[in-house]
Amino acid sequence: MAASPFPAYISTRGSSPDVDFTAALLAGVAPDGGLYVPTAWPDLRGTSAVHGGSAALATAVLAPFVGTALPPEVLERAATRMAGQFQHPETTPLVELAPGMFVLELFHGPTAAFKDYAMQMVAVLAEAALSSRSERLLLVTATSGDTGAAAVRAFAGLDRVDLVVLHPLGRVSPVQRLQMTTTGAANVLNLAVRGDFDDCQRLVKGLLAHAGLTQGRRVSSVNSINWARLAGQIPYFASAGQSLGSEADRATYVVPTGNFGDAFAGWAGRKIGLPMGGLLAATNRNDALVRALETGVYERTQAVSTASVSMDVQAPSNFERLVFEASGRDSGLTRGLFEDFARKGRVTLPGDLLSALRREVSAVSVSETETTQEIARTYAEFGRVICPHTAVALHAARRLDRSAGPVVALSTAHPAKFPESVEAALGFTPERPQQLEGLEGRTEVFESVDPTLEAVLAAIG
Ligand SMILES: *Cc1c(COP(=O)(O)O)cnc(C)c1O
C-alpha cells in the first residue's frame, strides 16, 4: 500500500485526490481543473536553512516542498545544475541602484530570462520522477518567446521527456526563435504556428484534452500553472533577503507580472516565513489583475501587444491560487468563481474576498510610454540598460516610498533579448551577454503549421 504523500498537494477547486510533489509536477493542472497548492505551508522561520550559496539555498527552500517524493540527492543535483548554468557567481545578484532601491538580476541563466532558474531544476526533477515510474512524458507548451526558450534549453537531450513548443510564426524576436530552434536536440519539436500567441495557447489546450494524444501516455505542460515551476522561483526571494540582512523584512518586492507566477512565488516565500515585506505586481497595459483589485470585477479582455511581450497575458492564471489563499482556502468559492470566469470571462469578487486580496498584494499598470521613458531614465541616471519587463517593474518601484524600507524590482530578462525596444528608447542596441553569442551561426530546425489541431497533431505524429 502506498504511504500517504508528504507533503500532499490539493487542488484549489477541492475535488482532486491529494498527490505528492512529483505527481503535481507531472500532471501540471489538477484533474478538476484547479491548480495544485500544498495542503499546509511549510514554516522556514527561524531555521538556519535559508543561508548558504545559491545551490544550497535553493535546496533548503525547496526541500520541504519536495518532501519524501524524491531522494534528497535529486533535489541537490537539480539545484547544482541550475547554479552551474548561471553565468554570475552569485547566481541572482542584488544590485543597489540608488540608496534603498535595488534590482534583483534574474537573467544570468542560459536563455537570459528568469524562467531558466526554475526550469533548469524542474527538468532534473521531472526526469527523476519519470525514471522511478518507468514512464515517459510529452510536454506541450505555448510560448510568446521566453518560456519556450527556457524549456528547450532545460529539457533538450533528456531521455524521458519529449517537448513540443508552439510559437507564433514571425512574432517572437529573432533571438528568442534562435534559442528555441538551434539546440539540435532530437527530443524537441518546434512548431511555428501561422497565427498569434492566443492561437498557440488554444492549440495547447486542445492537445492536452485530445483523447487520441493522451491515450496511453502522459501529456502535460510547463507553464507557471505547474506547481514545481512556481515553487522553483521561491529561492531567489530568500537570496535577496539574505543580501538585505536586517532590512529584509521591510523590503517591498516589485514583480513584473504576466501570469502572476513570479509574484505568487514571492507571496509563497513570505508565507513560509522568508523575511519579506510588501508585494507589488506591476503589469503592462494588460491589466486584468490591476482592475480586479481596484474594482472587484475580474474580467478578461483582448490581449494587447506591448514592448514587455512576455507579460501580454489576458488573464493571469495564477490569480486562482491567490484567490484560494485570500478566501481562507475556500475551494467551493474558488471553483465557482473560476468556472464562471471560464464561461463568461467576467466575475465579481465578493467584498470580503476583495479586501483580503488587497491585504496580500497591490498591483499597478504601467503604460508603453512610461516603459520607454523608464528605459531611458534608468540609463541616464544609473548607466544601466534594462529590458522592457524590468522597466515596468522599476517604473512602479519609483512610485514607492523608500523611507518605509528597501524597494526591490525584479529584473526578469537581459535587455539583449529585446533589442528593438531598447533601441527605440536609447538609440542603440544592447551588447549581448556571452550566453546569447553565436546563435546566428547555428542550424535552425522548426516546422511551420496552420493554426489547427489537425495540423499540429500531424506534425507531432
Ligand atoms: C514570463 C515573464 C514575466 C512574467 O512572469 P509571470 O510569472 O508570468 O508573471 C516577466 N518578465 C519576463 C522577462 C518573462 O519572461
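Right above here is the structure, for reference.
This structure is a prediction, so every number in the text was calculated from the model and none was measured.

Time to look at the site of the ligand. Within the structure, the ligand sits among 15 residues, and K115, D146, G258, N259 and T412 are positioned closest to it. In this structure, an oxygen atom belonging to the ligand sits 2.8 Å away from a main-chain N or O atom of G258. Residue G261 places a main-chain N or O atom 3.1 Å away from an oxygen atom belonging to the ligand.

Moving on: the packing of aromatic side chains. Applying the stated rule across the entire model yields 17 aromatic pairs. Ring centres of W41 and W267 lie 5.6 Å apart, and the angle between their planes is 70°; on these two criteria the pair is classed as edge-to-face. Taken as a pair, W41 in the loop between β2 (36-38) and α2 (54-66) and W267 in helix α11 (residues 261-271) lie far apart in primary sequence, 226 residues in all. Accessibility expressed as a relative area gives 15% for W41, which makes it buried. Both rings, one in Y117 and one in Y236, keep their centres 4.9 Å apart while their planes meet at 80°; by these two values the pair is edge-to-face. Taken as a pair, Y117 in helix α4 (residues 115-133) and Y236 in helix α10 (residues 235-244) lie far apart in primary sequence, 119 residues in all. Each residue in the set Y9, F21, W41, F65, W227, F264 and W267 is aromatic and connected to the rest through ring pairs, giving one cluster.

We now examine the pairing of strand β6 (residues 161-168). Burial runs high along β6: seven of the eight residues are buried. Where strand β5 (residues 137-142) lies against β6, six bridges are found, and the strand directions are parallel. Within the sheet, the bridge partner assigned to L139 lies in β6 and is L163. In this fold, the crossover linking β5 to β6 by way of helix α5 (residues 146-155) has right-handed handedness. The pairing of β6 with strand β7 (residues 188-193) spans six bridges and is classified as parallel.

Generally speaking, nonpolar side chains in soluble globular proteins are found buried as a group. F155, W227, Y253 and F319 are the most contacted members of the largest nonpolar core, which has 108 residues in total. Take this core: its biggest share by element is eleven residues, from α4. Beyond its immediate stretch of four places on either side in the chain, W227 contacts Y9, F21, Y36, P38, W41, F65, F264 and R321. Counting 22 residues, the second largest nonpolar core, distinct from the first, contains V254, I375, A391 and A397.

Calculation rules
All residue numbers here refer to positions counted from 1 along the written sequence of the relevant chain. Thresholds applied to this predicted model are a pLDDT of at least 70 for local features of residues and 80 or more for the giving and counting of side-chain atom pairs; totals over whole chains, interfaces and linings are not thresholded and use all residues. By convention in this description, side-chain values take in all heavy atoms of the structure and omit both hydrogens and water. To be near a molecule or strand, a residue needs just one of its heavy atoms within 4 Å of it. N or O atoms within 3.5 Å of each other form a polar contact, as long as, within protein, one can give a hydrogen and the other can take it, and as long as residues adjacent in sequence are counted only when both atoms are side-chain atoms. In this analysis, rings of Phe, Tyr and Trp, with Trp reduced to its six-membered ring, are considered paired at centre separations within 6.5 Å, and the interplanar angle assigns stacked below 30 degrees, edge-to-face beyond 60, and tilted for intermediate values. Each helix corresponds to a stretch of at least 4 residues labelled H or I by DSSP, and each strand to a stretch of at least 2 residues labelled E; elements are numbered beginning at the N terminus. Buried residues are those whose accessible area, probed at 1.4 Å on protein chains only, stays under 20% of the maximum for their type, while exposed residues exceed 50% and partly exposed ones sit between those limits. Any two strands with at least two DSSP bridges between them are considered paired. By convention, a crossover is right-handed whenever its connection, traced from the first strand over the helix to the second and viewed with the strands pointing away, goes clockwise. In these notes, a set of buried Ala, Val, Leu, Ile, Met, Phe, Trp, Tyr and Cys residues joined through side-chain atoms within 4.5 Å is what counts as a nonpolar core. By definition, residues are in contact when any of their heavy atoms lie within 4.5 Å.

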